[in-house]
Amino acid sequence: MRITEREIIQHLQRAGDQYAPLTINRFEEQVLLPQGYRIDAIIEFSIQDGPSFEALVEITPVSTPKNIIEKSRQLADCLGEIVRSDIVPLLIAPYIGTKQAKILADKGISWIDLSGNMSIRVSNQIYIERTGRRNRFPDTAPIKKIFQGTSSLVSRALLLKPEGFSSLYEVVDFINVRDASITKSTVSKVLKSLEEELLINKSKSLISVTNREKLLEKLTEGYLSSTERKSRETYRFATESTKKLFFDFYQKQLVYVACGFYAAQIKGLAVTDQITIFVKDIEQVRMAAKQNWIRITPDAEFGNVSITEVKDPGVWFNVPLPMYNRDAVVDDIELYLEMMADTPRGPKIAEQLKRRILEKSDISG
Amino acid sequence: MADLAESFNRIRLKPVICGGLGIYLCFHECEGEAQVLIRTTNDIDLILTKTQVIEKARCRAIAEIITGELRYIVREGREYLHFKKNQDQYLDILAPPIEGFKTEGFMIKFVNSKLHGHITNEACFIEEDLRTVSLLPFLPDNDKRSNFEVQVPSPTNSLLLKLFAFNDRSEGQRQDSERAQAHALDIYIAIMLTKRTDYLEGQKFLSRHKDSEIIQRAQSIVDSKFSSVDKLGWQLVLEASSFYPEKNVRQKRERLDDAKRRLLRWFTI
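Reading the values: rules and limits
- Residues numbered from 1 in each chain as written.
- Chains lettered and ligands numbered in written order.
- Predicted model: local features only at pLDDT ≥ 70, side-chain atom pairs only at ≥ 80, totals over all residues.
- Pairing = 2+ DSSP bridges.
- Helix = DSSP H or I, 4+ residues; strand = E, 2+ residues; numbered from the N terminus.
- Contact = placed C-beta atoms within 7 Å.
- Axes fitted to C-alpha atoms, helices over the stretch in contact; angles between N-to-C directions.
- Nonpolar A, V, L, I, M, F, W, Y, C, P; charged D, E, K, R; others polar.
- Domains from an automatic or database assignment.
- Core = buried A, V, L, I, M, F, W, Y, C linked by C-beta atoms within 7 Å.
- Buried ≥ 20, exposed ≤ 12 C-beta atoms within 10 Å, placed from the backbone.

K.L.:
Talk me through the sheet that holds strand 12 (residues 275–279) of chain A; I want residue IDs and the actual numbers.
P.N.:
Residue and element names in this part refer to chain A. Sheet architecture is open: five strands sit in the order 11-12-14-10-13, paired in mixed fashion. Among the strands making up the open sheet, the edge pair consists of strand 11 (256–258) and strand 13 (297–298). Summarising the sheet, strand 11 and strand 12 pair through three bridges and their orientation is antiparallel. Across the sheet, tyrosine 256 pairs through a bridge with valine 279, a residue of strand 12. Strand contacts of helix 11 (residues 282–290): strand 10 (234–238), strand 12, strand 13 and strand 14 (305–309), with the helix running at about 140° to strand 14, the strand carrying the most contacts.

In structure tokens form, the structure reads like this:
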């Protein structure tokens, strides 16, 4: 459960010497400034055996970049109305991450978090910086899973269509016609989080990405930390003819998609002897092999075909339909993510894919 | 290495490189997680094959390349088997048993008082399935000379050499845990980076020589030192600091179990 503003204040008042050498002398909540602005608090701090100072305080239970920027703006507005140069603008949150700390530093705003970190600057008199303590309130962190599973399809769609979308409905349709299934509610939630993270701009008629490279980076972080990906099991089989194998798959209507270095080879980016494919149902494949409907035999040690059962919708998203003479291959974004995880050779191929993803507006994948 | 290849290529030979550098050259482009474990080295183990030394003139030409042209200096106490250049470039000469040359203990004398080779019985099939490797990808951009080539033993021959080297260092008078560990790690890398085509080639090779004492000895080393993760060979790999340092013991053992199954199957004819 998320912590409330009230609880933040209580935590702070009970903090004892957690913020030493800083101590709280006076705490005034919900202060109405003469010009009509209402501020969350004014706190008087002092340094042990040293000077004291007053801080104009805004409190935020959720420290998304967007929230941080909004609170910074409020503090700047209030400060502009107060003709006092000795008062310090201060933001208090359960946890301030690196990115948020940088935003605040750029805006000249001091901060304290309930996890024990702080950055305080009082003109040229006082400077305290203490960072590196872990987030004691993980529930307050922005939603992380927006770059995994079905939610990740929203970012993938935004990357595939650099000109942006005119509405939420357009995003939903764009995803659902590409062999995926997503609801309006999921898209709405993900877009809200992406906006909080300042990764997209949303106006009445346009939803577009602010920084495509950053969005791809976030997607990569989500992919690399995915527990679903790490728990996948791969089975090896041997085949004497790749052509015949895929013809069999096509004929028996077994759903598969080429992935990994094999997909990179099909896209002209790598050379490999190993065939790597994802399937939706490994039991179906095993059964077909047992019945000799497909020409592969299990070979755990030296099989040249690696087959992995995958449910992750990201894998199946935007894959062109296989034909008797054309393999189904993961799209550029999915392959980029796979290559980023496949060290040491993968990241070099990922670099080439990254250029393609960020440059092109072609949605073919 | 490029200089050695250049000089050998000039007399229409390709130096056959074994040891750690041979493993590196053989597998540096192979796919697989074990790729991260491959390390290059300055030490060159050069194996002179029967075809290369069949003519006396060629032996003299090779000796001239090593000690004259490339200015390798013979190492004291290891005369004409081990050479050195600069501070850290070592060259060791090995050879399969070859008739027609004088031998002395484990030494075969190609050119008296100039070039000898350490007799390596397990290299008796070294010329079979040799692989040619271009050095072009290894040369810096500003030193792209002609396409110099070396040869490396086939994966099966590499495994044979490494299994015997491991066995030699894992027990008895020549016991040296550090070297045994390095050989065991090379066995792990080689077996994990081989492909299906290598395996099929290896099966044909082993079938051809299944009655050979060398092959039977190799099978017995696999059986006694590598047939379970708890056997000495894999235990030494497990203890190696460079063996997937970011993984926990369970994950390391899973990888060793894969290697064990592959190695056992490789040597099952």
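Read on for the rest.
K.L.:
Please set out the sheet that holds strand 1 (residues 22–32) of chain A residue by residue, giving values where relevant.
P.N.:
Residues and elements named next belong to chain A. Pairing within the open sheet is mixed, and its seven strands lie in the order 1-2-3-4-5-6-7. Of all the strands in the sheet, just strand 1 and strand 7 (126–130) have a single pairing partner and so form its edges. For this sheet, the mean inter-axis angle between neighbouring strands, taken without regard to orientation, is 25°. Relative to strand 5 (residues 110–113), strand 4 (residues 87–93) is paired through four bridges, and the arrangement is parallel. The residue bridging isoleucine 92 from the neighbouring strand is isoleucine 112, located in strand 5.

K.L.:
Any details on the interface of chain B and chain A? Residues and values, ideally.
P.N.:
Size of an interface: often given as the accessible area lost when the parts come together. Counting from both sides, the interface comprises ten residues of chain B and, opposite them, twelve residues of chain A. Elements with a contribution of two residues or more to the side of chain B that touches chain A: helix 7 (196–208) and helix 10 (249–266) of chain B. Classifying every residue of the side of chain B that touches chain A gives two nonpolar, two polar and six charged.

K.L.:
Account for the domain arrangement of chain B, naming residues and giving values.
P.N.:
All names here are of chain B. Domain boundaries assigned for chain B yield domain 1 (2–152) and domain 2 (155–266). Summarising the inter-unit geometry, the C-alpha centres of domain 1 and domain 2 are found 23 Å apart. Taken residue by residue, the interface counts 20 residues in domain 1 and 20 residues in domain 2. Among the elements that make up the side of domain 1 that touches domain 2, the one with the highest residue count is helix 2 (residues 19–27) (five residues). Looking at side-chain class alone, the side of domain 1 that touches domain 2 contains twelve nonpolar, five polar and three charged residues.

K.L.:
Describe the nonpolar core, and please don't skip the residues or the numbers.
P.N.:
Grouped together as the largest cluster of nonpolar side chains are 78 residues, with contacts concentrated most on Ile17, Ile47, Tyr188, Ile189 and Ile191 of chain B. At eleven residues, helix 6 (residues 177–193) of chain B tops the list of elements feeding residues into this core. Taken domain by domain, this core gets at least three of its residues from each of domain 1 (2–152) and domain 2 (155–266) of chain B. In this view, isoleucine 189 of chain B contacts Ile23, Phe27, Ala34, Leu37 and Ile38 of chain B; residues no more than four positions away in its chain are not counted. Core analysis: the second largest hydrophobic core is formed by 64 residues, Phe147, Ile294, Trp316 and Val330 of chain A among them.

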